[in-house]
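Okay, here's what each chain looks like letter by letter:
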Amino acid sequence: MKKPELLSPAGDLDRMKAAIHYGADAVYLGDPKFSLRNRAGKFGPDGLAEAVRYSHERGVKVYVTVNIFARNSDLPDIRDQISLLNDIKPDAVIVSDPGVFTMFREKAPGIDIHVSTQANITNAESARFWEKMGARRLIMARELSIEEIRGIAGETDIELEAFVHGAVCLSYSGKCYLSSFMASRGANTGECTNSCRWKYALMEEKRPGEYFPVMEDERGAYVMNSRDLCLIDHLPLLVSAGVTGFKIEGRMKGIHYAAGVTKVYREAVDQINDPKNYQASLARWHSELSYYGNRGYTTGLLFPGKEDLYNFTGEGEFPEAEIAGTVLEIKGNLAKVLLRSKLALGDNIEFMTSGCEGHFASVGSLKHEDGISAVSAQADETVLLEALPGVRKGDLIRKLATK
Ligand code: SF4
């Protein structure tokens with residue numbers, strides 16, 4: 001079985017570097033202006049150039065999202081963006097608008113094009129259309145079942161990518177007016193407020209201000225609340241169905257998620273041809289994935305009839321862990337660590353290192369860089385901590401929140 005490409009979200013350079021450190025084969029990112037994620041970090045021209053340089057030096061591919069549904073007024077800026085990308089040379093752009101697709105084909109024929117999940121490719125004819133247009137890869141609509149993906153793969157020769165992890169939108173591949181309507185922030189311009197996950201009440205016309213709770217249980221009603229996608233159990237099946245790229249959703253999520261979810265899926269992809277070890281590792285991977293805030297996991301719409309998409313309770317797993325620091329170097333059994341948040345003796349920390357999973361331990365020794373013992377240290381300070389075997393430069397350390 002050919003190993004698929006593991007593609008991680010990069011909301012900013014920091015998260016991109018973490019995803020690369022933990023094994024992403026490719027990262028996707030974009031200038032918020034053109035990429036349906038208006039609040040996801042800052043990737044202006046300099047940031048994009050730096051991202052491509054850093055990734056290429058490490059053999060990692062970069063895909064730049066230009067997947068807005070453009071209005072006429074957007075076209076001049078898109079022309080400028082195409083010219084910039086022609087200079088920067090990412091490995092591909094992710095596009096959903098046929099007009100933007102054509103502009104890239106004409107003005108930047110050297111850049112591969114991946115067609116975004118937002119383009120709603122749900123059948124083989126549609127896939128063939130984009131193939132004939134010159135697309136390199138198609139990102140499958142999230143509504144497809146495993147058999148529908150297999151069917152499309154069987155009738156085309158183009159690369160297919162699928163989301164394997166992350167938040168799921170209950171509207172049709174993101175086409176939704178709820179957020180525009182409720183908060184004047186359009187999902188299709190990258191500003192979704194996740195209004196589907198708000199808690200709603202009922203009000204009778206003639207009694208303004210009197211809210212009748214809509215109750216399913218004592219916590220309220222969550223009729224539009226989706227669980228989060230997790231296909232870690234089914235990666236071999238996706239490969240056998242013809243998927244060649246696995247995408248992790250989450251450009252809006254923090255460094256803890258970008259690093260940790262990439263780490264888990266890296267291990268899974270590396271074991272894809274070793275079914276025995278794959279099965280044996282699943283429990284550990286699930287336990288690790290429970291660390292990243294989620295509303296309960298689902299296989300989405302991959303298996304029709306398995307109706308676990310909705311989370312009617314609003315419950316989920318929201319562990320209170322945060323990134324405490326980054327390992328700058330290892331000196332003997334000590335790790336030199338740049339802190340990202342305050343750390344004190346007695347805090348519970350874990351090195352995010354393969355083999356160290358589940359080894360939360362209280363900080364028993366904390367030293368300043370000059371070797372002088374400390375009781376606590378602040379963000380941006382460099383400290384020395386005892387390191388477990390296997391800890392590498394670049395590994396992150398997470399800390400359980402104190403209650
Ligand atoms: S409001 Fe909810 S359903 Fe609508 S686009 Fe946003 S996440 Fe999707």
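Residues numbered from 1 in each chain as written. Predicted model: local features only at pLDDT ≥ 70, side-chain atom pairs only at ≥ 80, totals over all residues. Heavy atoms only, no water.

Asks: How should I be thinking about the pattern of salt bridges in this particular structure?
Replies: Two side chains of opposite charge can pair, provided their charged atoms sit close to one another. A full pass over the atoms with the stated rule returns 31 salt bridges. Among the salt bridges present, the one from K253 reaches E249, with a minimum N-O distance of 3.1 Å. Relative accessible area serves as the criterion here: at 23%, K253 is assigned to the partly exposed category. By relative accessible area, E249 is classed as buried at 10%. Through salt bridges with shared partners, a single ionic network connects E5, D112, R136, R137, E159, E161 and K247. (Salt bridge = Lys/Arg side-chain N within 4 Å of Asp/Glu carboxyl O. Buried < 20%, exposed > 50% of the residue type's maximum accessible area, 1.4 Å probe, protein only.)

Asks: Looking at this structure, I do not really get the side chain of R266. What am I missing?
Replies: For R266, the position within the fold is in helix α9 (residues 255-270). One polar contact links the side chain of R266 to the main-chain carbonyl oxygen of G23, over a distance of 2.7 Å. Once residues lying within four places of it in the same chain are set aside, the contact partners of R266 are K3, L6, Y22, G23 and D25. (Helix = DSSP H or I, 4+ residues; strand = E, 2+ residues; numbered from the N terminus. Polar contact = N/O pair within 3.5 Å; in protein donor to acceptor, adjacent residues only side chain to side chain. Contact = heavy atoms within 4.5 Å.)

Asks: Is there a simple way to think about the packing of aromatic side chains in this case?
Replies: How two aromatic rings sit relative to each other is set out by the distance from centre to centre and by the angle between their planes. The full count for this structure, using the stated rule, is five aromatic pairs. Relative to W130, the ring of F129 lies with its centre 5.1 Å away and its plane at 80°, an arrangement referred to as edge-to-face. Accessibility expressed as a relative area gives 42% for F129, which makes it partly exposed. Given a relative accessible area of 6%, W130 falls into the buried group. An aromatic cluster is built from F101, F129 and W130, whose rings are joined through pairwise contacts. It is R58 that lies over the ring of Y54; its NZ or CZ is 3.5 Å from the centre. (Phe/Tyr/Trp six-rings, centres within 6.5 Å; stacked < 30°, edge-to-face > 60°. Lys NZ or Arg CZ within 6 Å of the ring centre and 35° of its normal.)

Asks: Is there a simple way to explain the pairing of strand β7 (residues 159-166) in this structure?
Replies: Each regular strand displays side chains that alternate between the two surfaces of the sheet. Judged by how many residues are buried, β7 sits mostly within the fold: seven of eight residues are covered. Judged from the three bridges that link them, strand β6 (residues 137-139) and β7 form a sheet pairing that is parallel. Bridge pairing links L138 to L160 in β7. In this fold, the crossover linking β6 to β7 by way of helix α6 (residues 146-154) has right-handed handedness. Note that β7 and strand β11 (residues 245-248) share four bridges and pair parallel. If you follow E161 over to β11, its bridge partner there is G245. Two strands pair when backbone bridges link them, and β7 and strand β10 (residues 228-230) are joined in this way by two bridges, in the antiparallel orientation. Pairing of H165 across the sheet is with C230, part of β10. (Pairing = 2+ DSSP bridges. Right-handed = clockwise from strand over helix to strand, strands pointing away.)

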